[in-house]
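Chain by chain, the residues run as shown.
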Amino acid sequence: MDLTPTPEEEDFRARLRAWLAVALPELPPKPPPDDWPARRAYDTAWQRALYDAGYGGVHMDAPPALRLAFLEETEIAGAPYVGANFVGLLHAGPTIAAEGTSEQRERWLTPILRGDEIWCQGFSEPDAGSDLAGLRTRAVRDGDDYVVTGSKLWTSHAEVADWCELLVRTSPDAPGHRGITWLAMPMDAPGVTVRPLRTLAGSAEFAEVFLDEVRVPAANRVGEENDGWRVTMVTLSFERGTAFAGEVVACRRTLAELARAARDNGRWDDAVLRRRLGRLHAEFAALWRLVQWNVSEAAAAGGVPGTGGSVFKLRYSHARQELYDTAADVLGPDALDLDSDWTPDRLSSLAYTIAAGTSQIQRNIVAERILGLPKGR
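Residues numbered from 1 in each chain as written. Predicted model: local features only at pLDDT ≥ 70, side-chain atom pairs only at ≥ 80, totals over all residues. Heavy atoms only, no water.

Asks: Tell me about empty space enclosed by the protein, and please be specific about residues and values.
Replies: Taken as a whole, this structure holds two cavities of 30 Å³ or more when the rule is applied. Considering only enclosed or pocket space, the largest cavity measures out at about 140 Å³ in volume. Lining the largest cavity are 16 residues, with Trp46, Phe70, Pro80, Tyr81 and Val82 positioned closest to its centre. Those elements that provide at least two residues to the lining of the largest cavity are helix H2 (36-52) and helix H4 (64-77). Grouping the constituent residues of the lining of the largest cavity by class yields nine nonpolar, five polar and two charged. (1 Å grid on protein atoms, 1.4 Å probe; cavity = no way out; pocket = protein on both sides within 12 Å on 5 of 7 lines; lining within 4 Å. Points joined across faces, edges and corners; volume = space filled by probe spheres on them. Helix = DSSP H or I, 4+ residues; strand = E, 2+ residues; numbered from the N terminus. Nonpolar A, V, L, I, M, F, W, Y, C, P; charged D, E, K, R; others polar.)

Next up, the structure:
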């Protein structure tokens, strides 16, 4: 893989930098982290600005090199990330682009890219966390609809979402993953109840969702009935393979800030700490190269990331935790300041070994699908 910037990439970066230099000073103040209706309005306004400037489809339509250049430049400039729109832009949208019908792509992709509609993810359930194939939410076909009953847990941004990428069981007698179907459910449908969950960091970006005989049109099914597990693997490959790319750039910026803080408070004199910072620098540089590899491999394979996403997600989630553990050593008592940005970021880092598939699940995927080891009994 040749990582040398092309003239096209250099031109793209220059144009993007010039646009960001004008657009970012015009942004209003960022809303409080716990005001998700205001955060939705802020995030979708930024997405609309990107769309109007010609950058709205970069997560789905741009070549890999330009996609990564966009993530680097926007993160370096301190631009807003996808925020409340991340499920639509990084999970559901790419899945619909890869697996949806022409009518489904026409209906949902432009509103996602314009910031008109927000999506949430209805995968996890109270009794089927890591064992996603053990989900019990039922969908029974009734004419042109599915009637859905059950509940979902850790549903990101459900309280401000318009649509939900929903996994349901359509064949209860089929073993494991064979009876699952992928549906797009409108969140304003009768029978949908959303109950926000407050995290350790004090935010409420997750929710429980209860479904009481919710009618979802069969036309909203992505893929065939009972083929939802395969479609889900497409969704998860985007979630694990490319959705965290911008966060790697953010971690590299955080690491540089941490090194400056160590120099300012005298902790830089500790040779052991300097080695830890140096190793983390090398690790995040390697993770960025892995992102480049995964995105380029996905482009060569038709746009869907492969199992390399599990390698990336496994190592990244642990590296992020190590970064904020090191931050606690650098900052000392200041690392417990709840008014500091460091503290909620450190608390949120604890979830990364669980989110998007636990580290144990990722190790199984790497062992079975990459190393060819036998499945456990």
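Asks: Can you lay out H2 for me, pointing to particular residues and giving the numbers?
Replies: For H2, spanning 17 residues, the distance from its first C-alpha to its last is 24 Å, which sits close to the expected 24 Å at 1.5 Å a residue. Trp36, Arg39, Arg40, Tyr42, Asp43, Thr44, Trp46, Gln47 and Leu50 are the residues of H2 that are buried. Contacts made by the buried residues of H2 are with helix H1 (7-23), H4, helix H5 (86-99) and helix H6 (102-114). A positive backbone phi angle near 95° is found at Gly54, which sits one or two residues after H2. (Expected span 1.5 Å × (residues − 1). Buried < 20%, exposed > 50% of the residue type's maximum accessible area, 1.4 Å probe, protein only. Contact = heavy atoms within 4.5 Å.)

Asks: How would you sum up the nonpolar core? Please name residues and give values.
Replies: Looking at soluble globular proteins, one finds that nonpolar side chains tend to be buried together. Within the largest apolar cluster, 42 residues are counted, with the highest numbers of intra-cluster contacts made by Phe70, Val248, Phe284 and Leu323. Broken down by secondary-structure element, the contributors of at least two residues to this core are H1, H2, H4, helix H8 (245-265), helix H9 (271-300) and helix H10 (308-331). In terms of residues, this core owes the most to one element, H10, which gives nine residues. Leaving out residues up to four positions away in the same chain, Phe70 has contacts with Phe12, Leu16, Leu50, Tyr55, Val58 and His59. The next biggest cluster of nonpolar side chains, apart from the first, holds 22 residues, and it includes Leu90, Leu113, Leu135 and Val231. (Core = buried A, V, L, I, M, F, W, Y, C linked by side-chain atoms within 4.5 Å.)

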